[in-house]
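# Remarks on the overall topology
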Amino acid sequence: MNSATEVFIAHRNLLFTVAYEMLGSAADAEDVLQETWLRWAGVDLDTVREQRAFLVRITTRQALMRLRTLRRRKESYVGPWLPEPLLTAPDVAEDVELADSVSMAMLLVLETLGPTERAVFVLREVFDLDYDEIVEAVDKTPATVRQIAHRARAHVAARRPRGGVSPAEARDAFDAFQRAVETGDLQRLLDILAPDVVLLGDGGGVVQAVLSPVVGAAEVASLVAGLVRFGEAASLRSAQVNGHPALILRLNGEIDTVLAVHIDDGLVTGLYAVRNPEKLSRVERETAASRTVVRGG
C-alpha cells in the first residue's frame, strides 16, 4: 500500500481545489491542507477503505471551520472582497466545468451561500461526490444533505453568470479588450464592453481601489483606460487566471493589479480588479487546480 505521503501528494491538487472553492483564498486553502496533512499523517492507512473520501472529509471539515472565521474577517474588510486570484495551468481552462467553478464570477456567487450550503454544493456539483461521502464530510443526515443540495443548486442557478462562450469566442473578445486597454482607445473599449458591465475592485484598505461597484460601459471604460497611464513604468500582459483570460499590470516590475475578465456573448460583462498586495503572491507561480487524483491512491 502507498505511504501516507504518497497518497497525500497524489490527492493534493484535488484537496487544494476543494479548499479554495470553499474559501476563495489560496493562503487559507494552503493552511487547510497543512491541517489535513497533520491529521492524515496520524491515520492507520489499513483502516481506511476509501482514501479520497477520507481526505476530502478531513479537508472539508477544516475548511468549514476556517470559512466561519473568514466570514467574521470579511465583515470588517474595507471595500468589496474579491477571491484571491490564481495563475492557473492551461489544462484548467480546457476543463470547462472546472474553469467555471473557480472563476471569479462563480466564486462570488458561492460567497452568497452559507458555509454548509457551500460545502455541499462544491462537493456535489463540482466534484460529483456521492451523497454518502458528503454526509460524512458535513456531519448531516442524508435527508438533510439532499435538501441542502437542492436549495444550494437553486440559489446558485438564480445568481450564476449568464451562459458561457466557447474558448475561441472568449479568446477573440479578450484579445479585442486587451488591444483596447493597451491603446487606451475609449471607443474600442465601449465596443467590447457590455452596456451593463460591472467592475469590482479590491484594495483591502491597503491600496486605492473603487469602494463600490462601477456599472455601465462609459464609466468602466474611463477607469480601465487609465491602466496605461503609467507609461514606461507599466507593463501589461495576458494570463490565465482562475481558468479564464486576465490582464496582469506590473509597475516597475512588481504586480500592481490583476484584472480578471468575464465574457458573455462576445462582450465583457464583468471585470474584477484585485489590487490588495496580500492577495497577489499566488499570481507569481502557476497553481495546479484539479477535480481528479494525480495518480493512484
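Let us now look at the packing of helix α1 (residues 4-23) against helix α3 (residues 51-74). For the pair α1 and α3, interaxial distance at closest approach is 9 Å and the crossing angle is 30°. Here α3 runs roughly parallel to α1, going by the angle between their axes. Crossing of α1 against α3: the hand is right-handed. Note on element contacts: α3 touches α1 through Gln 51, Arg 52, Leu 55, Val 56, Thr 59, Thr 60, Ala 63, Leu 64, Arg 66, Leu 67, Leu 70 and Lys 74, opposite Val 7, Phe 8, His 11, Leu 14, Leu 15, Val 18, Ala 19, Met 22 and Leu 23.

Sheet topology places strand β4 (residues 234-241) next to strand β5 (residues 244-251); eight bridges connect them, and they run antiparallel. Bridged to Val 241 within β5 is His 244.

This part covers the nonpolar core. Core analysis: the largest hydrophobic core is formed by 51 residues, its most contacted members being Met 22, Trp 40, Leu 110 and Val 138. Elements that contribute at least two residues to this core include exactly α1, α2 (26-40), α3, α6 (104-110), α7 (115-126), α8 (131-138) and α9 (142-159). Looking at this core, the element that brings in the most residues is α1, giving eleven residues. Those residues in contact with Val 138 that sit more than four places away from it in its chain are Thr 60, Leu 64, Thr 116, Ala 119, Val 120 and Val 145. With 26 residues, the next largest nonpolar core counts Phe 174, Ala 180, Val 261 and Ala 273 among its residues.

Per-residue confidence for the protein averages 91 on the pLDDT scale, and 96% of its residues sit at or above 70. Least confident of the elements in the protein is helix α4 (residues 90-94), whose mean pLDDT is 83; most confident is strand β2 (residues 193-202), at 97.

Right, let's get into the packing of α7 against α9. Where α7 contacts α9, the axes come no closer than 9 Å and their chain directions differ by 85°. By the angle between their directions, the pair α7 and α9 is classed as roughly perpendicular. Across the interface between the two elements, Thr 116, Glu 117, Val 120, Phe 121, Arg 124 and Glu 125 of α7 pack against Val 145, Ile 148, Ala 149, Arg 151, Ala 152, Arg 153 and Val 156 of α9. In terms of residue class, the contact of α7 with α9 is built from seven nonpolar, one polar and five charged.

A few words on the packing of aromatic side chains. What the rule picks out here adds up to three aromatic pairs. Note on Phe 16 and Tyr 20: the rings are 6.1 Å apart at their centroids and 5° apart in plane angle, and the pair reads as stacked. In this pair, Phe 16 and Tyr 20 are both assigned in helix α1, four residues apart and thus about one turn of the helix distant. Just as Phe 16 is buried, Tyr 20 falls in that class too. Stacked on the ring of Trp 81, the Lys or Arg Lys 74 has its end atom at 3.9 Å from the ring centre. The lysine or arginine in question, Arg 124, covers the ring of Tyr 131, its NZ or CZ lying 4.2 Å from the ring centre.

Below, the discussion takes up the pattern of salt bridges. Counted by the stated rule, this structure contains 20 salt bridges. Across the pair Glu 111 and Lys 74 runs a salt bridge, and its minimum N-O distance is 2.8 Å. Of this pair, Glu 111 sits in the loop between α6 and α7 while Lys 74 sits in helix α3, placing them 37 residues apart in sequence. The pair formed by Glu 111 and Lys 74 is uniform in burial state, with each residue classed as buried.

Procedures and definitions
Residues numbered from 1 in each chain as written. Predicted model: local features only at pLDDT ≥ 70, side-chain atom pairs only at ≥ 80, totals over all residues. Heavy atoms only, no water. Axes fitted to C-alpha atoms, helices over the stretch in contact; angles between N-to-C directions. Helix = DSSP H or I, 4+ residues; strand = E, 2+ residues; numbered from the N terminus. Parallel < 35°, antiparallel > 145°, perpendicular 65-115°, else oblique. Left-handed = near helix turned anticlockwise from the far one by under 90°. Contact = heavy atoms within 4.5 Å. Pairing = 2+ DSSP bridges. Core = buried A, V, L, I, M, F, W, Y, C linked by side-chain atoms within 4.5 Å. Buried < 20%, exposed > 50% of the residue type's maximum accessible area, 1.4 Å probe, protein only. pLDDT = per-residue confidence, 0-100. Nonpolar A, V, L, I, M, F, W, Y, C, P; charged D, E, K, R; others polar. Phe/Tyr/Trp six-rings, centres within 6.5 Å; stacked < 30°, edge-to-face > 60°. Lys NZ or Arg CZ within 6 Å of the ring centre and 35° of its normal. Salt bridge = Lys/Arg side-chain N within 4 Å of Asp/Glu carboxyl O.

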